[in-house]
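# Examination of the molecular architecture
Here is what each chain is made of, one letter per residue.
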Amino acid sequence: MCGWAGGFYEGRQRLPGDEPRHHRTERDRGRGALPAGPHTVGGLPAQAPSVPTPTSECEPELPKLDLSKPSVARVCEFITGGTHNYSADRALGRPLLTAAPWMDRAATAARNHGQETVARLAAQGITQFLDLGCGLPQRHGRNTHDAAQRHRPESTVVYVDRDPMVQAHVRTWLAETPREQDLHADITRTAHLLHQPATACLDRARPVAVLLHEALPWISDAKAQHLLETLRNWLPAGSVLSVIHSAADSHPESTPALAGLYREAGILYRPRSLKHAYPRHDSQKPGA
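## Describing the confidence of the model for the chain
- Taken as a whole, the chain shows an average pLDDT of 78; of its residues, 73% reach a score of 70 or greater.
- Note on residues 1-48: pLDDT under 50 across the span, and 218 contacts to partners over four residues away in sequence or across chains.
- Scored below 50 in pLDDT, residues 282-288 makes 31 contacts in the model with residues more than four places away or belonging to other chains.

## Brief notes about the pattern of salt bridges
- Counted by the stated rule, this structure contains nine salt bridges.
- A salt bridge links E214 to R111; the shortest N-O distance between them is 3.9 Å. With E214 in the loop between β5 (209-213) and α8 (221-234) and R111 in helix α3 (residues 103-123), this residue pair connects regions lying 103 residues apart in the sequence.
- E229 is the salt-bridge partner of R232, the closest N and O atoms lying 3.7 Å from each other. Here E229 and R232 lie together in helix α8, a separation of three residues that amounts to about one turn.
- Exposure remark for R232: the relative accessible area of 3% places this residue in the buried category.
- Salt bridges sharing common partners tie together D221, R270 and R272.

## Focus: the nonpolar core
- Ranked by internal contacts, the top residues of the largest apolar core, which has 25 residues, are L130, L132, V160, V210 and L212.
- Residue assignment for this core shows that the elements contributing at least two residues are β2 (128-132), β3 (156-161), α6 (190-194), β5, α8 and β6 (240-245).
- Looking at this core element by element, the count peaks at five residues for α8.
- Counting residues in each nonpolar core, the second largest holds 18 residues, with F129, C134, A147 and A209 among its members.

## As for the pairing of β5
- The buried fraction of β5 amounts to five of the five residues, a majority that puts the element mostly inside the structure.
- Pairing geometry for β2 and β5, over three bridges, is parallel. Looking at β5, one finds that F129 is bridged to A209.
- Sheet analysis places β5 next to β6, joined by five bridges and oriented parallel. Residue pairing in the sheet places A209 in a bridge with V240 of β6.
- Handedness of the β-α-β unit built from β5, α8 and β6 comes out right-handed.

## Some remarks on the packing of aromatic side chains
- As enumerated under the stated definition, the model contains three aromatic pairs in all.
- When the ring of W218 is compared with that of Y262, the centres are 5.0 Å apart and the planes differ by 75 degrees; the resulting orientation is edge-to-face. In this pair, W218 sits in the loop between β5 and α8 while Y262 sits in helix α9 (residues 255-264), placing the two residues 44 residues apart along the sequence.
- Judged by relative accessible area, W218 falls into the buried class, the value being 15%.
- Taking 5.1 Å as the distance between ring centres and 35 degrees as the angle between the ring planes, the aromatic pair formed by W218 and Y269 counts as tilted. Taken as a pair, W218 in the loop between β5 and α8 and Y269 in the loop between α9 and α10 (274-277) lie far apart in primary sequence, 51 residues in all. The two residues W218 and Y269 agree in class, both being buried.
- A network of ring pairs unites the aromatic residues W218, Y262 and Y269 as a single cluster.

## Let's talk about the pairing of β2
- By the criterion of burial, β2 is predominantly enclosed, with five of the five residues buried.
- Alternating residues of β2 divide into Q128, L130 and L132 and F129 and D131, and every residue in both groups is buried.
- The sheet contact formed by β2 and β3 spans five bridges and is parallel. Following the sheet pairing, L130 is matched in β3 by V158.

Procedures and definitions
Here, residues in each chain are numbered from 1, in the same order as that chain's written sequence. Note on the predicted model: pLDDT of at least 70 is required for a residue's local features to be given, and 80 or more for side-chain atom pairs to be given and counted; whole-chain, interface and lining totals, by contrast, use all residues. Processing note: side-chain calculations cover all non-hydrogen atoms of the structure and skip hydrogens and water entirely. Scored between 0 and 100, pLDDT is the confidence that the predictor attaches to each residue. Residues count as neighbours in contact if any of their non-hydrogen atoms are within 4.5 Å of one another. For this document, the term salt bridge refers to a Lys or Arg side-chain nitrogen within 4 Å of an Asp or Glu carboxyl oxygen. Labels follow the DSSP assignment, with helices taken as runs of H or I lasting at least four residues and strands as runs of E lasting at least two, numbered in each case from the N terminus. Each residue's exposure class comes from its accessible area (1.4 Å probe, protein chains only) as a fraction of the maximum for that residue type: buried when under 20%, exposed when over 50%, partly exposed otherwise. Throughout, nonpolar core names a set of buried Ala, Val, Leu, Ile, Met, Phe, Trp, Tyr and Cys residues whose side chains join them through atoms within 4.5 Å. Think of it this way: DSSP has to see at least two bridges between two strands before they count as a pair. Here is how to tell: hold the view so the strands point away, follow the path from the first strand over the helix to the second, and if it runs clockwise the crossover is right-handed. Only Phe, Tyr and Trp rings take part, Trp by its six-membered ring, and two of them pair if their centres are within 6.5 Å. Stacked means planes under 30 degrees apart, edge-to-face means over 60, and tilted covers everything else.

In C-alpha cells:
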C-alpha cells in the first residue's frame, strides 16, 4: 500500500507476520505521528485453532508478469524512491503524487512502523512470522526477518505475495537467508494458502505473528473480512494479527482522487476505517 497508516494488534491469549529505473533511496515513510505500539489486546476467543479445508480454493490462478501494466508493489517502489519499477508504474505513480504529495512520506512511515512492530513482537518472544502481501524486498536490514532476528536470531519468516516479480525478488533475496520461506500465493485464497508446505512449516504449538501490513486496501470488503476471520480461527494461542491500513478519513480531500486513479489503472484501492469495517477488532488510532 502507498497511503497512510493505522493499525491494530490482536492476540489470542494463552489459557493459564522498459528497464528498471533508479530513484531516491528507500522507504523511510514519514506519515505523521503513529502509535508507539504494538499493543497486544484481547478479542480472540480462547479455543483450539482450526485449519480451514481448501475446497474450491485449490489451485488458484495467479497473475502472470506483465510489465506493460502497473503493479501495486512497483508503484509503491517508485513513490518511495525504490529501483524496481517500470514505465507503466511511473505513469501511475506521478499523478498519484500530484494528487497526494504526502504519499511518499506516508508510505515510508508505514514501513517504519511495520519494522518497529516486528521488532517489538520478537522482543516479546514471538519467533514465527507470516508476512502476507509482503511486497518487494528492501535493502539489507529493512525486511521483516531483519527486524525479528535482531532480537531473536532463531526467528523465521514466511513471505507471501501473488505478484510474480515480487516472488522472484524474494526468492533471490532469500538464497542468503536459509531460515526464511517464500510462497507465491493469493492471500484471499486463505484456506489454500494455509495448507501450503511453506506455511505448514510453522509450528502451531507456538504463537505466530501474522502481518497484514499495507495488504488489505487492495482487496474487497468481503474478501478482507473472510481473510481476517479465517486467520482468527487458524491462529494458535498467544498469536498476534498485525494490520497496517490506509485510513479513509485521514486525507478525505485526496482519497477519491487516489481511488479514481487506481481504478483507471485497473487496481482496486479501498481505504477504510478498521473500527467501522471490522468492529470485532480493537484498533489503534490511525496516523495522519
